Amino acid sequence: MLQLHYHPSDASLMPHIFLEELGVPFELKLVDRANNAQKSQQYLQLNPNGLIPVLEDGELVLYETPAILMHLADTHPQASLLPALGTSERAHAYKWMVWLSNSLQAQLVLYFYAERYVDATAMPDFRARVEARIAALVDQLEAQLTNSGGPWLLGTHYSAADCMAFVLCCWTRNLQRPASSLPALGAYLTRMRQRPAVQRAVATENLPETFFTRAA
């Protein structure tokens with residue numbers, strides 16, 4: 001059985017949603033970040049980077065979220081959660097999944113873990129600069145949704161890229177200009193929350209409403 005090593009609200013929520021979309025049997029294995037389990041010797045044997053998630057598929061151990069999603073899409077082609085191989089649509093799906101990971105998620109990590117990169121005196125300016133970069137990237141997502149004609153990131157075809165975009169947009173909820181405040185993205189996030197697979201994953205991870213909207 002597929003096993004997903006996860007922690008609630010982390011990047012592992014992306015493949016968790018995807019697995020729910022596939023409707024295949026899988027097992028969730030909690031990585032207890034409160035006890036730094038992601039840095040344990042046992043976990044580092046799965047992912048030497050000490051990051052979440054990890055997918056175990058039989059003898060295959062896979063980390064890096066886009067790779068996990070692409071693998072699941074390739075091994076479950078009947079779900080049609082990526083466009084057909086060899087098409088320009090598939091190439092664009094790859095582009096957006098890599099962009100979401102390498103551009104938007106990377107900047108969000110810099111923002112949330114600023115203390116890893118600068119000292120306390122430099123942190124306000126550092127965060128402000130990173131937040132400005134995040135805002136520009138969110139604008140790109142807004143433009144893509146508008147230009148694709150929707151209702152999904154790639155257009156009419158719901159895909160693995162949506163699992164990524166949804167979670168990363170939720171991570172912007174407490175920024176000065178969250179993704180939900182933009183017209184196309186706001187409507188998109190509402191549509192995503194209405195998907196049964198998203199609702200099942202959110203319920204299983206027991207995520208509060210504050211995961212989606214700015215904390216009071």
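Throughout what follows, the structure given in this document is the object of discussion. In this text, all values refer to a predicted model and were calculated from it rather than measured experimentally.

1. Examining the overall build of the protein chain
For step 1, the next point in the chain: For the protein chain, the count of helices and strands is eight helices and four strands.
For step 2, the next point in the chain: Walking the protein chain from its N terminus toward its C terminus, one meets helices and strands in the order β-α-β-α-β-β-α-α-α-α-α-α.
For step 3, the next point in the chain: Relative to the 2.2 N^0.38 estimate, which gives 17 Å for 216 residues, the radius of gyration of the protein chain is 17 Å and therefore close to what a compact globule would have.
For step 4, the next point in the chain: Taken along the three principal axes of its C-alpha coordinates, the protein chain extends 50 × 45 × 30 Å.

2. Some details on unusual backbone geometry
For step 1, the next point in the chain: A cis amide bond links I52 to the next residue, P53, at an omega of 15°.
For step 2, the next point in the chain: In this structure, P53 sits in the loop between α2 (41-44) and β3 (54-57).
For step 3, the next point in the chain: Here the amide bond leading from G150 into P151 is cis, since omega sits at 5°, within 30 degrees of zero.
For step 4, the next point in the chain: Here P151 shows up in the loop between α5 (123-148) and α6 (160-171).

3. Remarks on the sheet that holds β3
For step 1, the next point in the chain: An order of β2-β1-β3-β4 is seen for the four strands of this open sheet, with the pairing classed as mixed. Each of the sheet's edge strands pairs with one partner strand only, and the pair in question is β2 (26-30) and β4 (60-63). Sheet twist, expressed as the average angle between the axes of neighbouring strands with direction ignored, equals 20°.
For step 2, the next point in the chain: Both β3 and β4 contribute to a ladder of four bridges, which runs antiparallel.

4. Here's the deal with helix α1 (residues 13-22)
For step 1, the next point in the chain: Counting buried positions along α1 gives 10 out of 10 residues, so the element sits mostly inside the fold.
For step 2, the next point in the chain: Buried within α1 are the following residues: L13, M14, P15, H16, I17, F18, L19, E20, E21 and L22.
For step 3, the next point in the chain: Buried positions along α1 lie against β1 (2-6), β2, α3 (65-75), α4 (88-112), α6 and α8 (196-204).
For step 4, the next point in the chain: Residue G23 follows α1 closely and has a positive phi angle near 70°.

5. Describing the packing of aromatic side chains
For step 1, the next point in the chain: This structure, assessed with the given rule, holds seven aromatic pairs.
For step 2, the next point in the chain: Centre to centre, the rings of Y117 and F126 are 6.4 Å apart; their planes meet at 25°, and the pair counts as stacked.
For step 3, the next point in the chain: Residue classification places F126 among the buried positions, given a relative accessible area of 19%.
For step 4, the next point in the chain: Members of the aromatic cluster, each reached through a chain of ring pairs, are W152, Y158 and Y188.
For step 5, the next point in the chain: Positioned above the aromatic ring of W152 is the side chain of R195, whose terminal nitrogen or guanidinium carbon lies 5.1 Å from the ring centre.
For step 6, the next point in the chain: Here R195 stacks its cationic end above the ring of Y158, 3.5 Å away from the centre of that ring.

Rules used throughout
- Residues numbered from 1 in each chain as written.
- Predicted model: local features only at pLDDT ≥ 70, side-chain atom pairs only at ≥ 80, totals over all residues.
- Heavy atoms only, no water.
- Helix = DSSP H or I, 4+ residues; strand = E, 2+ residues; numbered from the N terminus.
- Rg over C-alpha atoms; globule rule 2.2 N^0.38 Å.
- Pairing = 2+ DSSP bridges.
- Axes fitted to C-alpha atoms, helices over the stretch in contact; angles between N-to-C directions.
- Buried < 20%, exposed > 50% of the residue type's maximum accessible area, 1.4 Å probe, protein only.
- Contact = heavy atoms within 4.5 Å.
- Phe/Tyr/Trp six-rings, centres within 6.5 Å; stacked < 30°, edge-to-face > 60°.
- Lys NZ or Arg CZ within 6 Å of the ring centre and 35° of its normal.

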